[in-house]
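Residue strings, one per chain:
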There are 2 protein chains.
Amino acid sequence: MARQLYELAGADPAHRFSPFCWRSRMALAHKGLDAECVPWRFTETDRLAFANHNKVPVLVDGDTVVPDSWAIAEYLDRAYPDRPALFGTAKAAIRFITAWTDQVLHAALVRLIVSDIPPVLDPVAASYFRSTREAVFGKSLEAVTEGREGRLPEFRKLLDPLRKTLRSEPFLGGAAPDYADYAVFGAFQWARTVSPLALLAADDPVRDWRERLLDRFDGLARQTPAMAA
Amino acid sequence: MARQLYELAGADPAHRFSPFCWRSRMALAHKGLDAECVPWRFTETDRLAFANHNKVPVLVDGDTVVPDSWAIAEYLDRAYPDRPALFGTAKAAIRFITAWTDQVLHAALVRLIVSDIPPVLDPVAASYFRSTREAVFGKSLEAVTEGREGRLPEFRKLLDPLRKTLRSEPFLGGAAPDYADYAVFGAFQWARTVSPLALLAADDPVRDWRERLLDRFDGLARQTPAMAA
């Protein structure tokens, strides 16, 4: 049976920006596995009822349905042990890096780019996104990101542990990327696909690392529709 | 030749509190290696001239002199490959966790415990410590830690990535600890050995993990002189 990945899409079905879906898309590429993209929009929860889940990514691999990006990565290493490992023996350490991405990096990033998201969505999704997120922030999305250029130094400082690692290692996986790289990269890909904001200075080693991942898998992540270089 | 670890000590030579020295002490125990402790105090830079270094830990292993806790861990895995690995294949990911410990955890912790340090030092070291650190902070050490109980929730929130990992894994190394655990544990051991402040809530999984590491190696870290339970 065909392999499918349900991925968040914008008004343009080719426009994919979810950091969690990017983790799964890069993880599939890392394992050398094809998967048809099934574009999914906010509010289309009925279309995920088969997975008993209300968010993407959801992977369908033959008879197996796997929701949640972390579970998808675990599944891929378990189901395809003969292909390059996503975790190797570093699974718990990668869990930490993934949790740091979710709790620290995404939390900071959303305050820089959230107002760029509604314009890339179709009207129904845009309205849903704006009302749910504005309820969380207690203000308009534009008020959340106001003055964001001035907050870039603070954001860049959060990347210090990543930067220090990348001064001695090409990837968080060492010589080659693994799921730690894809988890953090997903955050940058999220920003790059929706926002023109230049997050990283030209001489930042984090930028060089991001470029290496954009090149990976014949430019898979670079070739997707994006708002920043 | 004998193996020696130069470790920071308080007025009591048995009182060892440096987070970086604790990393190396736990790393040696992990490898099953004995090393005589050579107590070292702030300002005794002449005694480290042989290592071309001005800080501890410094490891002397036969003819080999290795300063810096990260370099010591790398050396131990290289020199003793037949003993349990500190890094396994997760070295770059552990580098990230170690950098996070240095840049985020220590930076937050020092603001909670720094005023507890001079009382455990001999007068010369206490005077040196106070004047250099007060110059950095631009205020008295007591002013730095003032109201610290009120800042505990903020500190505990910084531990979220660690907490999330420890909800599914017993150690950052997975089933058994590795250098990622010792790097982060060193920070808690630093606090525990100098300060009565209760950093962690009783029901925090981070506390359970710390207890497991205090028990490790026949209670090596638990038996050292400490100011907190």
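Here, the structure is the one placed above.
Keep in mind it's a predicted model, so treat the numbers as computed, not measured. Residue numbering note: each chain is counted from 1, following its sequence as written. For naming, the first written chain is A and the first written ligand is 1, with later ones following in the order written. Where local features are concerned, this predicted model is filtered to residues with pLDDT of at least 70; where side-chain atom pairs are given and counted, the filter is 80 or more; whole-chain, interface and lining totals use all residues. Excluding hydrogens and water, the side-chain values take into account all heavy atoms of the structure.

A. How the structure looks around the packing of aromatic side chains. Stacked, tilted and edge-to-face are the three classes assigned to paired rings of Phe, Tyr and Trp, where Trp is represented by its six-membered ring and a pair needs centres within 6.5 Å; plane angles under 30 degrees give stacked, over 60 edge-to-face, the rest tilted. All chains considered together, the criterion is met by 18 aromatic pairs over all chains. Ring geometry for Phe42 of chain A against Tyr128 of chain A: centres 5.8 Å apart, planes inclined by 35°, an arrangement best described as tilted. Within this pair, whereas Phe42 of chain A is found in the loop between β2 (36-40) and β3 (58-61), its partner Tyr128 of chain A is found in helix α4 (residues 123-137), the two being separated by 86 residues in sequence. The exposure class of Phe42 of chain A is buried, given its relative accessible area of 11%. Each residue is assigned to one of three classes by its accessible area relative to the maximum for its type, calculated with a 1.4 Å probe on protein chains only: buried under 20%, partly exposed between the two thresholds, exposed over 50%. Overall, Tyr128 of chain A belongs to the partly exposed group, its relative accessible area being 33%. An angle of 50° between the planes, with centres 5.0 Å apart, marks the rings of Trp70 of chain B and Phe87 of chain B as tilted. A run of H or I in DSSP becomes a helix once it reaches four residues, and a run of E becomes a strand once it reaches two; helices and strands are each numbered from the N terminus.

B. Region of the structure containing unusual backbone geometry. All names here are of chain A. The omega torsion across Val56 and Pro57 is 10°, close enough to zero to call that bond cis. Considering the arrangement of structural elements, one finds Pro57 in the loop between β2 and β3. Even without being glycine, Asp218 reaches a positive phi, approximately 55°. Within the element layout of this structure, Asp218 appears in helix α9 (residues 205-219).

C. Molecular detail of the pairing of strand β4 (residues 64-67) of chain B. By the convention used here, strands pair only if DSSP detects at least 2 bridges between them. Bridge analysis of strand β3 (residues 58-61) of chain B against β4 of chain B gives four bridges, and the strand direction is antiparallel. Within β4 of chain B, the position partnered with Val58 of chain B by the bridge is Pro67 of chain B.

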